[in-house]
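If you want the building blocks of each chain, they are given just below.
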Amino acid sequence: MNKKDLTIYLNDHLAGSVSAIELVDRLIETYKGKPLEPFFTNLRNEIDADQRTLQDLIKKLGVKESAVRKAGAWVAEKLARMKVRVSDSEKDQMGLLHALEGLLLGITGKGALWSALEAASENVASLRGLDYARLQQRAREQCDLVDAKRLESAREVFKSEK
């Protein structure tokens with residue numbers, strides 16, 4: 001096993017989870033007291049649980065979390081705010097659509113992480129012990145929920161004016 005490559009791979013996904021949590025926290029704040037708040041709060045809890053699973057695996061493997069990658073993800077999320085301007089006003093619904101698409105891509109990547117680690121666990125004993133099927137299923141469920149909200153948002157953003 002190339003431990004260096006595995007360390008980079010896991011830390012890249014950990015950094016992605018940091019970005020996702022930052023974005024979802026902003027969405028929770030933006031939609032506080034509105035119908036989307038519980039949706040984003042539940043999603044945040046699931047992403048947080050997945051992040052803890054990844055952090056536990058990193059510890060189990062005896063590799064270090066990359067503070068640089070996590071800080072980079074935090075900075076990248078802050079820069080993305082310029083592109084994905086989210087507010088609950090009618091004119092800023094495009095920002096919600098962009099945010100949901102970003103989350104969908106990230107969750108799809110997380111599902112790919114779990115399936116890749118499951119495949120690698122056939123050859124790397126230290127990767128065994130996680131319920132990869134459950135983790136992949138949860139990622140698919142998150143994708144389905146986020147995609148449904150994304151499509152609702154797209155309908156709103158691109159509705160024809162009469």
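Our subject is the structure listed above.
Please read these numbers as outputs of a predicted model, since none were measured by experiment.

## Quick word on the overall build of the protein chain
And step 1. Tallying secondary structure elements over the protein chain gives five helices and zero strands in all.
And step 2. For the protein chain, the succession of helices and strands along the chain, N to C, is α-α-α-α-α.
And step 3. Counting only residues that meet the buried cut, the protein chain has 43% of its 162 residues in that class.
And step 4. For the protein chain, the exposed area adds up to about 9200 Å²; of that, 56% sits on carbon and sulfur atoms.

## Some words on the nonpolar core
And step 1. Core analysis: the largest hydrophobic core is formed by 21 residues, its most contacted members being Val-24, Leu-27, Phe-40, Leu-43, Leu-96, Leu-103 and Val-146.
And step 2. Elements represented by at least two residues in this core include exactly helix 1 (3-30), helix 2 (36-61), helix 4 (93-120) and helix 5 (132-157).
And step 3. Among residues more than four places away in sequence, those in contact with Leu-43 are Val-24, Leu-103, Ile-107, Gln-142 and Val-146.
And step 4. If you look at the next biggest cluster of nonpolar residues, it comprises 15 residues, including Ile-58, Trp-114, Val-124 and Tyr-132.

## Focus on helix 2
And step 1. Given a rise of 1.5 Å per residue, 26 residues ought to cover 38 Å, and the 38 Å separating the end C-alpha atoms of helix 2 matches this to within 8%.
And step 2. The positive-phi residue at the C-terminal boundary of helix 2 is Gly-62, with phi of around 75 degrees.

## Focus: the packing of helix 2 against helix 4
And step 1. One way to put it is that helix 2 packs onto helix 4 with a least axis distance of 13 Å and a crossing angle of 30 degrees. When the axis of helix 2 is compared with that of helix 4, the two are roughly parallel. Viewed along their axes, helix 2 and helix 4 form a crossing whose handedness is left-handed. Of the residues in helix 4, those in contact with Leu-36, Phe-39, Phe-40, Leu-43, Ile-47, Asp-50, Thr-53, Leu-54 and Leu-57 of helix 2 are Leu-96, Leu-100, Leu-103, Ile-107, Lys-110, Leu-113, Trp-114 and Leu-117.
And step 2. The residue makeup of the contact of helix 2 with helix 4, split by class, is 14 nonpolar, one polar and two charged.

## Remarks on the packing of helix 4 against helix 5
And step 1. At a minimum axis separation of 9 Å, helix 4 and helix 5 run at an interaxial angle of 165 degrees. On the basis of the axis angle, helix 4 is roughly antiparallel to helix 5. Remark: the crossing between helix 4 and helix 5 carries left-handed chirality.
And step 2. The class makeup of the residues in the contact of helix 4 with helix 5 is 17 nonpolar, seven polar and six charged.

## Regarding the pattern of salt bridges
And step 1. If you walk through the whole model with that rule in mind, you get nine salt bridges.
And step 2. We note a salt bridge from Lys-159 to Glu-156, for which the minimum N-O separation is 2.8 Å.
And step 3. Among the ionic contacts, a cluster of salt bridges with common partners joins Asp-25, Arg-44, Asp-48 and Arg-52.

## A word on the packing of aromatic side chains
And step 1. According to the stated counting rule, one finds two aromatic pairs in the structure shown.
And step 2. Seen in terms of ring centroids, Phe-39 and Phe-40 are 5.1 Å apart; in terms of plane orientation they differ by 70 degrees. Their pairing is edge-to-face.
And step 3. With a relative accessible area of 0%, Phe-40 lands in the buried category.
And step 4. Above the plane of the ring of Phe-39 lies Lys-149, whose end atom (NZ or CZ) is 5.3 Å from the centre.

Rules used throughout
Residues numbered from 1 in each chain as written. Predicted model: local features only at pLDDT ≥ 70, side-chain atom pairs only at ≥ 80, totals over all residues. Heavy atoms only, no water. Helix = DSSP H or I, 4+ residues; strand = E, 2+ residues; numbered from the N terminus. Buried < 20%, exposed > 50% of the residue type's maximum accessible area, 1.4 Å probe, protein only. Areas by Shrake-Rupley, 256 points an atom, 1.4 Å probe, with all protein chains shown as cover. Core = buried A, V, L, I, M, F, W, Y, C linked by side-chain atoms within 4.5 Å. Contact = heavy atoms within 4.5 Å. Expected span 1.5 Å × (residues − 1). Axes fitted to C-alpha atoms, helices over the stretch in contact; angles between N-to-C directions. Parallel < 35°, antiparallel > 145°, perpendicular 65-115°, else oblique. Left-handed = near helix turned anticlockwise from the far one by under 90°. Nonpolar A, V, L, I, M, F, W, Y, C, P; charged D, E, K, R; others polar. Salt bridge = Lys/Arg side-chain N within 4 Å of Asp/Glu carboxyl O. Phe/Tyr/Trp six-rings, centres within 6.5 Å; stacked < 30°, edge-to-face > 60°. Lys NZ or Arg CZ within 6 Å of the ring centre and 35° of its normal.

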